[in-house]
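Survey of secondary and tertiary structure
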Amino acid sequence: MSPDPTHNDEQLTPRSTNCPVCHGEFMPSPRQIYCSPRCKSAAHRRTPASLAAHTCPVCEGMFTANPRLRQIYCSPECRRESERQRNRTRDEERARRLGEHPRALPAPQPATPGPIDPLAPTAVRNCPHCDQPVTIVALLATQEAARPTITNRVTDIAPLRRLQ
């Protein structure tokens, strides 16, 4: 291709510019305004941002905030409520995707005293890895289960010892 006669070489060469804070001359990189980080922070300190009006997405109330900060909610309570809504939506979406029903409340236990089944479910918790319900069985809930007795003891077995 032949060179473009309308092409201007001056556009390709970087031009020096003056810093708006210290008025020193420097060669800017693309989108650079200040000559150094020190001048940049001085410019931000010198001109404080005016407060801007925002609308809270949870309560839809108006509040003012510094536009340099990314404040979305008017209060910590609205932020927590938004997080609860996101978690609820995420859980419902996961249940729909896996074909599960929404979590049901555990059935009430009968009030009549009777023999206690050691393998009865003690609690239902969510797995910390997959967030699926896990039934917890208290196997060591009684002293008998925690310390089983050995009826026929063999005395000819020597206990293991660590050699040093």
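Below, the structure is looked at part by part.

Conventions used here
Residues numbered from 1 in each chain as written. Predicted model: local features only at pLDDT ≥ 70, side-chain atom pairs only at ≥ 80, totals over all residues. Heavy atoms only, no water. Helix = DSSP H or I, 4+ residues; strand = E, 2+ residues; numbered from the N terminus. Buried < 20%, exposed > 50% of the residue type's maximum accessible area, 1.4 Å probe, protein only. Contact = heavy atoms within 4.5 Å. Areas by Shrake-Rupley, 256 points an atom, 1.4 Å probe, with all protein chains shown as cover. Core = buried A, V, L, I, M, F, W, Y, C linked by side-chain atoms within 4.5 Å. Pairing = 2+ DSSP bridges. Expected span 1.5 Å × (residues − 1). Salt bridge = Lys/Arg side-chain N within 4 Å of Asp/Glu carboxyl O.

Okay, the overall build of the protein next. Across its full length, the protein holds three helices and six strands. The linear arrangement of helices and strands in the protein, starting from the amino end, is β-β-α-β-β-α-β-β-α. The proportion of buried residues among the 164 residues of the protein is 9%. The long-range fraction of contacts in the protein, counting pairs at least 24 apart against all pairs at least 6 apart in sequence, stands at 9%. A total accessible area of about 15400 Å² is found for the protein, and carbon and sulfur atoms account for 56% of it.

Cys 56, Phe 63, Ala 65, Tyr 73 and Cys 78 together form the largest nonpolar core, which totals five residues. Beyond its immediate chain neighbours, meaning those up to four positions away, Cys 78 contacts Cys 56, Val 58, Cys 59 and Tyr 73.

With that settled, consider the side chain of Gln 132. Of note, Gln 132 is situated in the loop between strand E5 (121-126) and strand E6 (133-137). Once residues lying within four places of it in the same chain are set aside, the contact partners of Gln 132 are Arg 94, Leu 98, Glu 100, Arg 125, Asn 126 and Cys 127.

A separate point is unusual backbone geometry. One non-glycine residue, Arg 31, lies in the positive phi region at around 70°. With respect to the secondary-structure elements, Arg 31 resides in the loop between strand E2 (25-26) and helix H1 (37-46). Even without glycine at this site, Glu 60 takes up a positive phi of about 55°. Among the secondary structure elements, Glu 60 is positioned in the loop between strand E3 (52-55) and strand E4 (62-65). Of the residues examined, Glu 60 reaches a relative accessible area of 63% and is grouped as exposed.

Looking now at the pairing of E3. As paired strands, E3 and E4 are joined by four bridges and run antiparallel to one another. What sits directly across from Thr 55, in E4, is Met 62.

The first and last C-alpha atoms of helix H2 (residues 76-98) sit 33 Å apart over 23 residues, in line with the 33 Å expected at 1.5 Å per residue. Taken as a whole, H2 has its buried residues at Cys 78, Ser 82 and Ala 95.

The next subject is the pattern of salt bridges. One pass over the structure, following the stated rule, counts six salt bridges. A salt bridge links Glu 83 to Arg 79; the shortest N-O distance between them is 3.7 Å. With Glu 83 and Arg 79 both in helix H2 and four residues apart, this pair spans about one turn of that helix. Judged by its relative accessible area of 39%, Arg 79 falls in the partly exposed class. Taking the shortest distance from any N to any O, the salt bridge between Arg 84 and Glu 81 comes out at 2.7 Å. Of the two residues, Arg 84 and Glu 81 are both situated in helix H2; the distance of three residues between them amounts to about one turn of the helix. Because the salt bridges share partners, they merge into one network encompassing Arg 90, Asp 91, Arg 94 and Asp 131.

Here E4 shows a buried face lined by Phe 63 and Ala 65 and an unburied face lined by Met 62 and Thr 64. Counting the residues in the hairpin turn of E3 and E4 gives six residues, including Glu 60, whose phi is positive at 55°.

What follows concerns the environment of Tyr 34. Tracing the chain through its elements places Tyr 34 in the loop between E2 and H1. With eleven residues separating them in the primary sequence, Tyr 34 and His 23 have C-alpha atoms 9.4 Å apart. When neighbours within four sequence positions are excluded, Tyr 34 is seen to be in contact with Cys 19, Pro 20, Val 21, Phe 26, Cys 39, Lys 40 and Ala 43.

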